[in-house]
Amino acid sequence: MKEENHADQNVCAYLRAKNPFGTLEGGGNPWLHLDTANTICWCVKSQGPIGPDARYVEPARCVSGRSCYTSPEFS
Amino acid sequence: MDKKTLIMPFGIPGHNLTQIEREVPADEPPAWPVNAELKEVGKSVKRVDARAKVTGQAKYTSDIQLPGMLYGKMLRSPYPHARIRNIDTRQVERHPGVLAVHILGKDISMAGSKDESADNYPEVKYIGQPIVGVAALNDNTAIEALKLVKIDYEVLPFVVDLEKARMEGAPLVFEAPVEKEASDGGEEIEKGLSLSGNVRGPSRGQPRGDTQKGFAESDIVIERTYVTQVHMHNPLETHGVVVDWKPDGMLIYASTQSTKGVRDEFAQLFGFRKSQVRVITEYMGGGFGAKYGAGNFGVMAGHLSRKSGRPVRLMLDRKEEQLTAGFRPNSVHQLKIGAKKDGKLSAIQQRSYGTAGVGLGAGVGSIAQNMYECPNFATEQYDIFTHFSPGAAWRAPGAVQGAFGLESLIDEIAESLNIDPLKYRDIIDKSEVRKVERQKGAELFGWSKRKKAGSDPGPVKKGMGLAQSSWPRFTHLDSTAEVRLFRDGAVEVRSGVQDLGTGTKTILAQVVAEELGLKTEDITVRIGDTLFPDGPPSGGSVTAGSITPAARNAAYQAKLKLFRQIASKLDTTPDKLMTADGKIYVTGEPSKNISFADALKQMRTEQLTAEASRSDDYGGMSRDDLGSVQFAEVTVDTETGFVKVDRIVAAHSCGRPLNIAQIESQINGGIIHGISYALYESRVIDDQTGQMINVNFDQYKIPYAFEIPDIRTIILEEYPAKSSTDAYGIGEPANIATAVAVTNAIYNAIGVRIFELPVTPAKILDALKRA
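Residues numbered from 1 in each chain as written. Chains lettered and ligands numbered in written order. Predicted model: local features only at pLDDT ≥ 70, side-chain atom pairs only at ≥ 80, totals over all residues. Heavy atoms only, no water.

### Points about the domain arrangement of chain B
Residue and element names in this part refer to chain B.
- Its domain assignment divides chain B into domain 1 (64-156 + 238-286 + 291-324), domain 2 (161-235 + 327-394), domain 3 (431-473 + 622-770) and domain 4 (476-613).
- A separation of 40 Å is found between the C-alpha centroids of domain 1 and domain 4.
- In this assembly, 17 residues from domain 1 lie in contact with 19 residues from domain 4.
- When residues of domain 1 are sorted by the area they lose upon contact with domain 4, Gln257, Lys260 and Arg278 head the list and together hold 39% of the total.
- Its salt-bridge partner being Arg263, residue Asp534 comes within 2.8 Å of it at the nearest N-O pair.
- Across the contact surface, domain 1 and domain 4 share 15 residue pairs in polar contact (both at pLDDT 80 or more).
- Contributing elements (two or more residues each) for the side of domain 1 that touches domain 4: helix 6 (259-270) and strand 14 (277-280).
- Top contributing element to the side of domain 1 that touches domain 4 by residue count: strand 14, with four residues.
- For the side of domain 1 that touches domain 4, the class distribution of residues is six nonpolar, seven polar and four charged. (Domains from an automatic or database assignment. Contact = heavy atoms within 4.5 Å. Buried area = accessible area lost by both parts, 1.4 Å probe. Salt bridge = Lys/Arg side-chain N within 4 Å of Asp/Glu carboxyl O. Polar contact = N/O pair within 3.5 Å; in protein donor to acceptor, adjacent residues only side chain to side chain. Helix = DSSP H or I, 4+ residues; strand = E, 2+ residues; numbered from the N terminus. Nonpolar A, V, L, I, M, F, W, Y, C, P; charged D, E, K, R; others polar.)

### Observations concerning the environment of Ser62 of chain B
- One can find Ser62 of chain B in the loop between helix 1 (50-55) and strand 3 (70-76).
- Measuring from C-alpha to C-alpha, the distance between Ser62 of chain B and Ser109 of chain B comes to 24 Å, with 47 residues separating the pair along the chain.

### Quick notes on the interface of chain B and chain A
- Between chain B and chain A, the contact holds 66 residues from the first and 38 residues from the second.
- Of the roughly 4400 Å² buried between chain B and chain A, counting both surfaces, carbon and sulfur atoms make up 56%.
- Between Glu58 of chain A and Arg200 of chain B there is a salt bridge, with its nearest N and O atoms 2.4 Å apart.
- The interface formed by chain B and chain A holds 15 residue pairs in polar contact (both at pLDDT 80 or more) in total.
- No other element matches the five residues that helix 6 of chain B contributes to the side of chain B that touches chain A.

### Focus on the sheet that holds strand 29 (residues 643-653) of chain B
Residues and elements named next belong to chain B.
- Pairing in this open sheet of four strands is mixed, and the strands run 20-28-29-30 from one edge to the other. Each edge of the open sheet carries a strand with a single partner, namely strand 20 (460-472) and strand 30 (710-716). Each strand axis lies, on average, 15° off the axis of its neighbour in the sheet, ignoring direction.
- Running at roughly 130° to strand 30, helix 16 (residues 660-679) makes contact with strand 28 (625-637), strand 29 and strand 30 of the sheet. (Pairing = 2+ DSSP bridges. Axes fitted to C-alpha atoms, helices over the stretch in contact; angles between N-to-C directions.)

### Section: unusual backbone geometry
All names here are of chain B.
- For the bond from Gly201 to Pro202, the omega torsion is 5°, close enough to zero to count as cis.
- Mapped onto the fold, Pro202 is located in strand 9 (residues 199-203).
- A cis amide bond links Leu757 with the next residue in sequence, Pro758, at an omega value of -5°.
- Among the structural elements, Pro758 can be located in the loop between helix 18 (738-750) and helix 19 (761-770).
- At Asp726, a residue that is not glycine, the phi angle is positive and equals roughly 60°.
- On the secondary structure map, Asp726 appears in the loop between strand 30 and helix 17 (733-736).
- According to the relative accessible area criterion, Asp726 is buried, its value standing at 2%. (Buried < 20%, exposed > 50% of the residue type's maximum accessible area, 1.4 Å probe, protein only.)

### Some details on the sheet that holds strand 18 (residues 345-354) of chain B
Residue and element names in this part refer to chain B.
- Strand order in this open sheet of six strands is 8-9-19-18-17-10, and the pairing throughout is mixed. If you trace the sheet from one side to the other, it starts and ends with strand 8 (195-196) and strand 10 (220-228), each paired once.
- Taken together, the nine bridges between strand 10 and strand 17 (residues 331-339) define a ladder with antiparallel strand orientation. In the strand pairing of strand 17, Thr225 is matched with Gln334.
- Here helix 10 (residues 399-416) sits on the sheet in contact with strand 10, strand 17 and strand 18, set at roughly 145° to strand 10.

### Some thoughts on the packing of aromatic side chains
All names here are of chain B.
- Under the criterion given, the structure shown has 15 aromatic pairs over all chains.
- Taken together, a centroid distance of 5.0 Å and an interplanar angle of 75° make the contact between Tyr79 and Tyr153 edge-to-face. Here Tyr79 is found in the loop between strand 3 and strand 4 (82-88), whereas its partner Tyr153 is found in strand 7 (residues 150-155), with 74 residues between them in sequence.
- Here Trp245 and Phe272 contribute two aromatic rings whose centre-to-centre distance is 6.4 Å and whose plane-to-plane angle is 50°, an arrangement assigned as tilted. With Trp245 in strand 12 (residues 240-246) and Phe272 in the loop between helix 6 and strand 14, the pair connects residues that are 27 residues apart, well separated along the chain. (Phe/Tyr/Trp six-rings, centres within 6.5 Å; stacked < 30°, edge-to-face > 60°.)

Set out below in structure tokens:
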């Protein structure tokens, strides 16, 4: 179920995810392949899967342009 | 990086063991032989912390007491969906026993907490969502004080039922899909999987071939729908922390599966460097996937500590744990499989949906995609949002739900083709590991005595079933250990890695002892502290495979440093020295030796230290998996519907087994979880109020000791030649196949299949009535 590679994507500095294989991804770590159906995501700033903007958290949406987005460069 | 070549054992002893040449980093140790030739590794060594645990000496997070410590509690929403109009904390702030009050905003970081106005109140999306916290002189005062907080809610429509949430017009958990909006700057936000109402997806995995063509070419096609329930984690130790905030840093005791993950999040949230945050998890009472990150409770404790200037303890009580700290999502799994007359699979198609409440991750994993040879595969997996607290990773996320469908349907296809289910797996499964496990397991279990389904006479019937599992060999490369040698004779291994209760401390001691020619009890293990080098998070069965090679590598480097210091004292050169039986010998001249302890006394410095990290897999990453085969025998009373699991035989592989007793212990735990999932556990929600009804152990059924069957394990030694220890974890694999092995055995007993978990007596009776 590894289908999306976000390694080339500027994912929000506050996004975390735990995929079925236990890899803690995001933040300062490079984004690896994610299994989009089975990965648990959370925002560090809200400590849950609901972002500060009340929308849900996932790698494809926690990117530049979202109102609560923080670039990894500025975290 | 300099490389060297090693000749390593490769394969399964007694089956296909051979040797393989591997190019490895030049500073890694020589290859170990198979376990039979080792002294500490591969044996049933007693846990190094056994005495501390049984005497109560072991201190868990909930045992931590710091001077001046306060007790934190959180007020949680009683509504599944609401807007907060106002929060009045004036009365609680005047309470003499309360030293700090904090409101969680939309952004709960230190920067975000400066704005505690109504505009910053988050929308409530689930019952139990934390809103206000207090730190008081004791627990009871905190609980009483929270009653003084007044919150004005605007209650909104909600949906908690999976099927109702899918319907058009259902109350929305998340409003407009994000992809329809643009940023303030006009930049369109990148699309993720689509969201329609509360339905997100599908996730399509890695499809292959053409399933329609595959079904058209099939001689047999069976399609079924499998339903699984929500499953709680039930760790003995609930989530919680003790946080001590100071202007120059934070000290956090946490019940966590990732000390470095908690450290990094606290550092980000409270504006510290990672080096200013210390997280300690010396002992931990289970997590099963749910204990990652700081947690809203952790951040609340941080704010309360910052405001009060005192350490704050905030441990969830059992009700909070069950209501808010995660669960395994439920699933509705439609599975269609086609096969040829010879049994070969021609197409697999699956479609699933489930809910992780307000979170994602309700898929059915990749086991249907990966375990069996099949040229045509397609999947569609959907998440359904509901107004309930978020799910969490749970021991083999997705795979347990997926295996229930896959291994039920494979069983059914085997029967339709008139092939024994065990022999059928020989036809469709390429794994050499599972092939050996099937042979050994069947022999120990007595599979040959299995009768035709439903043929056992009388109202109380026996049945036998089996199921298999697959789990990838994943490791976490940012895993480092340090080994320290002390002039006074002490040998320590240190890492930030935490021990969830699985025995990480003991396997680290074994590995270091083996490398240094010492006994396991000679090694002191200091882990679970971010002052030490970063260890891996413990999830996905990655711990053993990630940290033990690092520990062995560090021990090897420390040994070489010691050799360089004492070689001259034995009139030799460092390259001629070796360790064994507590001594350092000159190779080929055993009379020239010195005890390890005496060698340490002659060190030039008081301490000698070496640090090493997990290197890339030798031979490169591969997609081979950790396999298991489990056999179950059950007794079913067809008059009452009562099911008793009589015995389980579990055959497993985890690379080089490091500690047999601990692996057996983990397998036992996985099987108990699996039986409980198959027969007992199920979260119940009142659809009208959104409340979870069975939030405590007096209402939420888990097995008692007398419901645990006889469990026999077969631990297959298997050498993939991938690292300096060649070890892998067993947490996930132990849990995947059990439930479906049990349900396949139930079918064999009564001749009627059950498609929904848990298999309660009512479902048995209903199925028999319909048969």
